[in-house]
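Overview (structure and organization)
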Amino acid sequence: MTRNSLAYKISILAILTALLMIQSFVPMVGYIYILPGLPGVTTMHLTVIIGAIILGTRGGATLGAIWGTLSLIHAYTAPVDALTLLIFQNPVIAILPRLMVGLVAGLLYQHLHNTKAGQRGSMAIAAFFGTIVNTTLVILLTWAFYSQQAAGIYKTDVSHLIIVMLSAVAINALMEIALAVIVTPFVAKPLLRFKRE
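Residues numbered from 1 in each chain as written. Predicted model: local features only at pLDDT ≥ 70, side-chain atom pairs only at ≥ 80, totals over all residues. Heavy atoms only, no water.

Brief notes about the overall build of the chain
Within the chain, the regular secondary structure consists of six helices and two strands. N-terminal to C-terminal, the α/β element order of the chain is α-β-β-α-α-α-α-α. Taken along its principal axes, the extent of the C-alpha atoms in the chain is 55 × 35 × 25 Å. Across the 197 residues that make up the chain, the buried fraction comes to 44%. Separation between the mean location of the 11 positive side-chain charges and that of the 4 negative ones in the chain comes to 20 Å. (Helix = DSSP H or I, 4+ residues; strand = E, 2+ residues; numbered from the N terminus. Buried < 20%, exposed > 50% of the residue type's maximum accessible area, 1.4 Å probe, protein only. Lys, Arg positive; Asp, Glu negative; His and termini not counted. Charge placed at Lys NZ, Arg CZ, Asp CG, Glu CD.)

Things to note about the nonpolar core
Residues Leu20, Ile49, Ile53, Ile54 and Trp67 are the most contacted members of the largest nonpolar core, which totals 26 residues. Among the elements of the structure, helix H1 (3-25), helix H2 (44-77), helix H4 (91-112), helix H5 (118-154) and helix H6 (161-192) are those that each provide at least two residues to this core. Here this core gets twelve residues from one element, more than from any other, and that element is H2. Beyond its immediate chain neighbours, meaning those up to four positions away, Ile53 contacts Tyr109, Met123, Thr184, Ala188, Leu192 and Lys195. One finds Leu72, Val138, Tyr146 and Met165 within the second-largest nonpolar core, a separate group that totals 17 residues. (Core = buried A, V, L, I, M, F, W, Y, C linked by side-chain atoms within 4.5 Å. Contact = heavy atoms within 4.5 Å.)

With respect to the side chain of Gln23
Looking at the element boundaries, Gln23 is found in helix H1. Ignoring anything within four residues of it in the chain, the contact list for Gln23 reads Val29, Gly30, Tyr31, Thr43, Met44 and Thr47.

Things to note about the environment of Leu166
Position of Leu166 relative to the elements: it lies in helix H6. For Leu166, a relative accessible area of 44% corresponds to the partly exposed category. For the pair Leu166 and Glu176, spaced ten residues apart in the sequence, the C-alpha separation amounts to 14 Å.

A look at the packing of aromatic side chains
Each aromatic ring pair is characterised by the separation of its centres together with the angle its planes make. In this structure the tally under the stated criterion is two aromatic pairs. With a centroid separation of 6.2 Å and 40 degrees between ring planes, the pair formed by Phe145 and Tyr146 is classed as tilted. In this structure, Arg98 is placed above the aromatic ring of Trp67, and the distance from its NZ or CZ to the ring centre is 4.5 Å. In this structure, Arg120 packs its charged tip against the face of Phe186, placed 5.1 Å from the ring centre. (Phe/Tyr/Trp six-rings, centres within 6.5 Å; stacked < 30°, edge-to-face > 60°. Lys NZ or Arg CZ within 6 Å of the ring centre and 35° of its normal.)

Side note on the packing of H2 against H6
H6 packs onto H2 with a crossing angle of 40 degrees between their chain directions and a minimal axis gap of 9 Å. When the axis of H2 is compared with that of H6, the two are oblique. Note on packing geometry: the crossing formed by H2 with H6 is right-handed. The segment H2 lies against H6, with His45, Leu46, Ile49, Ile50, Ile53 and Ile54 engaging Glu176, Leu179, Ala180, Val183, Thr184, Val187, Ala188, Leu191 and Leu192. (Axes fitted to C-alpha atoms, helices over the stretch in contact; angles between N-to-C directions. Parallel < 35°, antiparallel > 145°, perpendicular 65-115°, else oblique. Left-handed = near helix turned anticlockwise from the far one by under 90°.)

A few points about H4
For H4, spanning 22 residues, the distance from its first C-alpha to its last is 31 Å, which sits close to the expected 32 Å at 1.5 Å a residue. When H4 is considered as a whole, its buried residues turn out to be Ile93, Ala94, Pro97, Arg98, Val101, Gly102, Val104, Ala105, Gly106 and Tyr109. By the N-cap criterion, in which a side-chain oxygen at the helix start approaches the backbone nitrogen of a residue two or three places on, H4 is capped by Asn90, the distance to Val92 being 2.8 Å. (Expected span 1.5 Å × (residues − 1). Polar contact = N/O pair within 3.5 Å; in protein donor to acceptor, adjacent residues only side chain to side chain.)

Section: a nonpolar patch on the surface
Nonpolar side chains collect at one region of the surface, where Met28, Ile32, Ile34, Ile171 and Met175 lie side by side and expose about 460 Å² of accessible area between them. Mapped onto the secondary structure, Met28 falls in the loop between H1 and strand S1 (31-32). A relative accessible area of 48% means that Met28 is categorised as partly exposed. (Patch = residues over 30% accessible without salt bridge, like charges linked within 9 Å, V, L, I, M, F, W, Y side chains within 5 Å. Areas by Shrake-Rupley, 256 points an atom, 1.4 Å probe, with all protein chains shown as cover. Salt bridge = Lys/Arg side-chain N within 4 Å of Asp/Glu carboxyl O.)

Re the packing of H2 against H4
Axis separation between H2 and H4 bottoms out at 7 Å; the angle between their running directions is 175 degrees. The orientation of H2 relative to H4 falls into the category roughly antiparallel. Grouping the amino acids of the contact of H2 with H4 by side-chain chemistry returns 17 nonpolar, nine polar and one charged. (Nonpolar A, V, L, I, M, F, W, Y, C, P; charged D, E, K, R; others polar.)

Comments concerning the environment of His113
Mapped onto the fold, His113 is located in the loop between H4 and H5. For His113, a relative accessible area of 28% translates into the label partly exposed. Each C-alpha atom of the pair His113 and Ala173 lies 25 Å from the other, and the pair is 60 residues apart in sequence. If near-sequence neighbours (up to four positions away) are discounted, His113 is found in contact with Gly118, Gln119 and Ser122. Polar contacts involving the side chain of His113 include one to the main-chain carbonyl oxygen of Gln110, which spans 3.3 Å. There is a polar contact of 3.3 Å between the side chain of His113 and the side chain of Asn114.

The following block contains the structure:
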C-alpha cells in the first residue's frame, strides 16, 4: 500500500465517520421514525455499505463498529422507544450486527465485482445482503438475550416473538433494503473512480 493510498483511505474513513456521527445525532437524518413505538428506518447502513465497497472489508467492518458504538451511545443518551432502550444498551446487539454489515458487504463486493454481476450488480447484491444481515442479527440476538422482555413489549408469547418482530420491522426492513439497493450503486460507483490502489 502506497503512502497516497493510505492517506486516501484514512481521509475517506474520517469523512464517513463524520457522516455517521451526523446521521446518529441529528434528528430524522440517520433514523427516520414513521410510527411511534417502532424502530426507526435507518439510513446509516448506506454509509457503512458504501464505505465497505470503497475501503474493503476492514474499512467496512470499522465503519460498522463505529455505527454500533454510536447506536450504543444513542440508546443510553436519547432512547426513543422501549425496544431501543432494551436492546441497544447491550453492546453485543448494538455493535455486532452493524460490524457484520460492513464485513458482509465488503466481502460480497470484493468477490462479485469481477463476475457476471458486474460492478453495479455486485454493489446492489452487497447492499441487499448487508442490510438483511443487520435486521436478522438484531432480531436473533434480541430473541437470544431478551425474549421475555421483548415479548412483553410486543404483548405476545415468547414462542411467537420472532414472527411478531419480523412483522413489526417488515416495512422498515423493506424500505431499508430498497434504499440500499437503489442508492448504493449511484453513490459508490462515482466514488470508486477516485480510489487509489
